[in-house]
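Coordinate analysis (summary)
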Amino acid sequence: MVNIVKHPPSRSARHRLLQCWKSHPLKLAIANTFWEYTERTKVSGMWLLRRNRTHGLSRLIWASVLVQLLGLSIYLTLLLWLKFYSYPILNTISKEVSITDVAFPGVTICSPKTVNTERVQRYVRTLQIPAEYDVAEVAAGFEFLNAFTDQSFVPPTHDSYKATDAVLRLNNVSIWEAAMAVSPGCADFVKRCFWGVGEFPCNQSHEYLSFIPTTAFLGPCCSFNYNPRNSSFLPFSANIFGMDGGLTFIGAEGSERNLNTGLIVLVHHPMDYVTEKAASVTITARSESFVEVSPTVQTSSTEVLELSERKRDCLTSDDVQLRNYRQAACLLACQTEAIGKRCGCHPYLLPTVSKKFKECSLNDTFCYAYNYDNFKSVRCDQCLPNCYDVTYSTLSYKTDLNLHSFSVSGFYKQETLNNDSFMLRVYLAKQVVPVIRKVTVMSWVGLLSDLGGIFNLCLGLSMISIVEFFYYCTYRLYVHYQQQKQLLVKHVWN
């Protein structure tokens, strides 16, 4: 076997290579192009690198200064690009709009007790119960409805839910209908209703001025200006504000012995399902509560909407091809999908967003209760905020109704108030609403302008200087290279 040993090139060989490179047409073309560029360019500082202008150390110093300034301009350009790409949006306060341009908030009243025992006893008597089922056992099974609303729910030791499920199926009653029947409702909470100073029937069949049964994360509730079961529902706007404007109603905290546990009032967007994020106020008997609502409009400029969805961090209805995109509805659909995949059903208290899954029965409460925390923490990265939205912040306080014994107002007459009564006022704080507008920190025109400022500051460059630079690096270099090749051919023939 022959070992091949590679020896480094000798000094004479390296000398020949160096001489060959010095006379190479490409090297000569680069040199000639550079000297021509220094003679003709208008870039500041380049004239000091001309062939006969500077020599030796002075040329080296000046060349190093130009290189450092070029490096500084590149560094500043990278910082500017990162600012443009990573933080493209800025929130600014725009001009205010009238309250007639925003929807009055939805007002939902819920009882912390989902199941009322007296209502359960009355409701069971309306059902057709076969002889093989015990009435008391069927009534006890309704306790499992608490699993859908109580985070700390512990399943009872008995299995009466099986009998209750079977009886509800025999009577063709859904869990939603059963929950509405055994839970406190509008007739229990709301007695007299006023819009401004005018009274209206609380439970009338009216498009806007009425309270209707709904569901929220707390279970069955009663809502004003909110109708999730009507897909064509549009909330109304108020044209009055202040304490004497808006919604006022007189209610009863405990119309039944097992009902007086306090009530929770939630103020929310009228198009969104009521979740834990809604502003809440707890009201009790013999109190007058005031809820001052301050809407804020959030909108986006045309330049922001032209950005990609992830960069502007919001969505419009056109982006997802929906009639009305709402982030809350998207999150709700995502959560419902997670529940359906895990338990094979959707809870009665969540609006039906798909017919893929059946309604959860009482038998499914074990799966739902066991995965409750997981369902509440589902990540839905595709559900970006709305590019146009209205948020509602609240300020609440209460007074004692007993202090109004000598008031001349008709609201405080003794015949309209009793020991279980309360009064609630929900009103808009101001006649105008602030607008927070998303705008771009920098547009493409602004980016080019700032880039021009950086290069002009460091090197005195302009757009025509950049075009000139690429002209010499391409076309003039090619011309000089062809000239050097022709000279080399002539030299060989001579």
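These figures come from a predicted structure and were not determined experimentally.

**Brief notes about the UniProt feature "transmembrane region" (unreviewed entry) in the chain**
Feature annotation in UniProt places "transmembrane region" (unreviewed entry) on residues 60-82 and 451-473, given in this structure's numbering. Counted over residues 60-82, helix gives 100% and strand 0%. Its end C-alpha atoms are 33 Å apart. Annotated as 87% helix and 0% strand, the span residues 451-473 places its first and last C-alpha atoms 21 Å apart.

**Regarding the side chain of T336**
Following the sequence through the fold, T336 ends up in helix α12 (residues 327-343). A residue is classified by how much of its surface remains accessible, and T336, at 5% relative accessible area, is buried. Contact partners of T336, with chain neighbours within four places excluded, come to H346, L350 and V353.

**Here we look at the nonpolar core**
In this structure, Y123, F142, L145, L168 and L266 are the most contacted members of the largest nonpolar core, which totals 45 residues. Look past the residues within four positions of F142 in its chain and what remains in contact with it is V115, V120, Y123, V124, T164, L168, A178 and V182. Residues F224, V281, Y392 and V433 belong to the second largest nonpolar core, which totals 37 residues.

**Remarks on the side chain of S301**
Note that S301 resides in the loop between β10 (287-300) and α9 (302-305). Not counting the four nearest positions on each side in its chain, S301 is found in contact with R437, K438, V439 and T440.

**Focus: the state of the cysteines**
Applying the stated criterion across every chain, the model contains eight disulfides. Across the disulfide, C314 is cross-linked to C387 (sulfur-sulfur distance 2.1 Å). Its S-S torsion of about 90 degrees marks the bond between C314 and C387 as right-handed, since a negative value means left-handed. Taken together, the residues span a long stretch of sequence, with C314 in the loop between α10 (309-312) and α11 (317-320) and C387 in the loop between α14 (372-376) and β13 (389-400) at a distance of 73 residues. Disulfide pairing is shown between C345 and C360; the S-S distance is 2.0 Å. Disulfide C345 to C360: torsion about the S-S bond roughly 85 degrees, handedness right-handed. Residue C345 is located in strand β11 (residues 345-346), and its partner C360 is located in the loop between β12 (358-359) and α13 (365-370); the two are separated by 15 residues in the primary sequence. The same class applies to C345 and to C360, which are both buried.

How each quantity is defined
- Residues numbered from 1 in each chain as written.
- Predicted model: local features only at pLDDT ≥ 70, side-chain atom pairs only at ≥ 80, totals over all residues.
- Heavy atoms only, no water.
- UniProt positions renumbered as here; feature names shortened; annotations may be inferred.
- Helix = DSSP H or I, 4+ residues; strand = E, 2+ residues; numbered from the N terminus.
- Buried < 20%, exposed > 50% of the residue type's maximum accessible area, 1.4 Å probe, protein only.
- Contact = heavy atoms within 4.5 Å.
- Core = buried A, V, L, I, M, F, W, Y, C linked by side-chain atoms within 4.5 Å.
- Disulfide = S-S within 2.5 Å.

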